Amino acid sequence: MAESFGADAQRYDQARPGYPDALVARIVAGSPGPDVLDVGCGTGIAARQFQAAGCSVLGVEPDARMADFARARGLQVEVAAFEAWQSAGRTFDAVIAAQSWHWVDPVAGAVKAARVLRPGGRLAIFGHVYEPPAEVAEPFAAAYRRAAPDSPLNSQPARRPLDLYQAAYAKFADKIRETEQFNDPEQWRFDWEQSYTRDQWLDLLPTTGGLTQLRPDQLAEILDAVGGAIDSLGGRFTMNYTTLAATAVRATTS
């Protein structure tokens, strides 16, 4: 599934939200310099925010289609899975992974990040948790069960508890700690909201993991149900987002 997102890279880039400016600023301020490695950079959504903050960013991305799109937007990208990527002796002040670390082996990834970070450099793993209102989430879940009855995602609740994601980021922190290459990891949280029109949300949904591999008729059934639900709310709703991060500084000695 990791390489299914590149099927429509332009839609992905236009529809997916960026990251809180406060998160970017905190990572930049806590890093010893401006050189950033972006693991699983996708189309470069996070990378461009770090560039705007004054950083020099190199992306590593396994999907050539996503990498091509990011390059067209001014990002230097090398195509590889992070575990197989060759640093060729290059080191960085920060290694970031925006919504991508769950595709990386958490132990091998943390060890490799330590290897390419300069002493005092920061590893920052972060991503969004979003919770649509029940009036949108429940029709989506019901339509998904009808359209894709064999999907393993059908076992998930319509609204996923934030504490499950917080536990996942705590596990990321534990794996970082196990390397013994970093200072004690920290967990950060940023809460924010974003308003969506019907069309904006229906543009974003096909870029999410559960929908990227569906047949066109399955996708159409789900989008029709969700569109009707948003229409019943007046054509617009507010999404609650939480951006979680597990972050640690590479120890200056090992």
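Residues numbered from 1 in each chain as written. Predicted model: local features only at pLDDT ≥ 70, side-chain atom pairs only at ≥ 80, totals over all residues. Heavy atoms only, no water.

- As annotated in an unreviewed UniProt entry, the protein chain is Methyltransferase type 11 from Streptomyces brasiliensis.
- Under the Sequence similarities (unreviewed entry) heading, UniProt states for the protein chain: "Belongs to the methyltransferase superfamily." (UniProt positions renumbered as here; feature names shortened; annotations may be inferred.)

## Brief notes about the overall build of the protein chain
- Each helix and strand counted, the protein chain has nine helices and seven strands in total.
- Relative to its length of 254 residues, the protein chain is compact, with a C-alpha radius of gyration of 19 Å against a globular reference of 18 Å.
- Of all 254 residues assigned to the protein chain, the portion counted as buried reaches 50%.
- For the protein chain, long-range pairs separated by at least 24 residues make up 77% of all intrachain contacts whose partners lie at least 6 apart in sequence.
- A total of about 11,600 Å² of accessible surface is found on the protein chain, and carbon and sulfur atoms cover 49% of it. (Helix = DSSP H or I, 4+ residues; strand = E, 2+ residues; numbered from the N terminus. Rg over C-alpha atoms; globule rule 2.2 N^0.38 Å. Buried < 20%, exposed > 50% of the residue type's maximum accessible area, 1.4 Å probe, protein only. Contact = heavy atoms within 4.5 Å. Areas by Shrake-Rupley, 256 points an atom, 1.4 Å probe, with all protein chains shown as cover.)

## Description of the side chain of T208
- Following the sequence through the fold, T208 ends up in the loop between α8 (198-204) and α9 (216-232).
- Taking the relative accessible area as the measure of exposure, T208 reaches 10% and is therefore buried.

## Examining the environment of A167
- Turning to its location among the elements, A167 is positioned in helix α7 (residues 162-178).
- Relative accessible area serves as the criterion here: at 38%, A167 is assigned to the partly exposed category.
- On a C-alpha basis, the gap between A167 and A52 in space is 31 Å, while along the polypeptide they are 115 residues apart.

## Considerations on the packing of helix α5 (residues 106-116) against α7
- Across the interface, α5 lies against α7 with an axial gap of 9 Å and an inter-helix angle of 55 degrees. Between α5 and α7, the interaxial angle falls into the category oblique. As for how α5 packs across α7, the hand of that crossing is right-handed. For the pair α5 and α7, contact is made by P106, V107 and A110 and by K175, I176 and E178, respectively.
- When grouped by side-chain class, the residues that make up the contact of α5 with α7 number four nonpolar, no polar and two charged. (Axes fitted to C-alpha atoms, helices over the stretch in contact; angles between N-to-C directions. Parallel < 35°, antiparallel > 145°, perpendicular 65-115°, else oblique. Left-handed = near helix turned anticlockwise from the far one by under 90°. Nonpolar A, V, L, I, M, F, W, Y, C, P; charged D, E, K, R; others polar.)

## Quick notes on the UniProt feature "domain: Methyltransferase type" (unreviewed entry) in the protein chain
- In the numbering adopted here, UniProt assigns the feature "domain: Methyltransferase type" (unreviewed entry) to residues 37-125.
- Here residues 37-125 runs as 31% helix and 33% strand, with 12 Å between its end C-alpha atoms.

## Observations regarding the sheet that holds strand β6 (residues 186-197)
- If you trace the seven strands from one edge of the open sheet to the other, you get β3-β2-β1-β4-β5-β7-β6, paired in mixed fashion. Bordering the open sheet on either side are β3 (76-79) and β6, each of which pairs with just one other strand. Sheet twist, expressed as the mean angle between neighbouring strand axes with direction ignored, is 20 degrees.
- Sheet analysis places strand β5 (residues 117-131) next to strand β7 (residues 236-249), joined by 10 bridges and oriented antiparallel. (Pairing = 2+ DSSP bridges.)

## Quick notes on the packing of aromatic side chains
- Within the structure shown, the criterion is met by 12 aromatic pairs.
- A centroid spacing of 5.9 Å and a plane angle of 40 degrees characterise the contact between F140 and Y144, whose relative ring orientation is tilted. One end of the pair, F140, and the other, Y144, are both in helix α6 (residues 134-147), four residues apart, so they sit about a helical turn from each other.
- Residue Y144 is classed as buried on the basis of its relative accessible area, which comes to 6%.
- With a centroid separation of 4.3 Å and 5 degrees between ring planes, the pair formed by W192 and Y241 is classed as stacked. (Phe/Tyr/Trp six-rings, centres within 6.5 Å; stacked < 30°, edge-to-face > 60°.)

## Examining helix α2 (residues 21-29)
- Within α2 the residues assigned to the buried category are L23, V24 and I27. Here the buried residues of α2 occupy an arc of 95 degrees about the axis, which is enough to place them on one side. Residues of α2 that are exposed and point more than 90 degrees away from the buried face comprise D21 and A29.
- Contact partners of the buried residues in α2: α3 (45-52), β4 (92-98), β5, β6 and β7. (Arc of directions from axis to C-beta.)

## Section: the pattern of salt bridges
- Evaluation of the coordinates by the stated rule reveals 16 salt bridges.
- Here D203 makes a salt bridge to R11, at a shortest N to O gap of 2.7 Å. One end of the pair, D203, is in helix α8; the other, R11, is in helix α1 (residues 9-15), with 192 residues separating them in the sequence.
- According to the relative accessible area criterion, D203 is partly exposed, its value standing at 27%.
- Residue classification places R11 among the partly exposed residues on the basis of a relative accessible area of 27%.
- Close ionic contact of D184 with R177 constitutes a salt bridge, the shortest N to O distance being 3.0 Å.
- Members of the salt-bridge network, linked through shared partners, are D13, R48 and R73. (Salt bridge = Lys/Arg side-chain N within 4 Å of Asp/Glu carboxyl O.)

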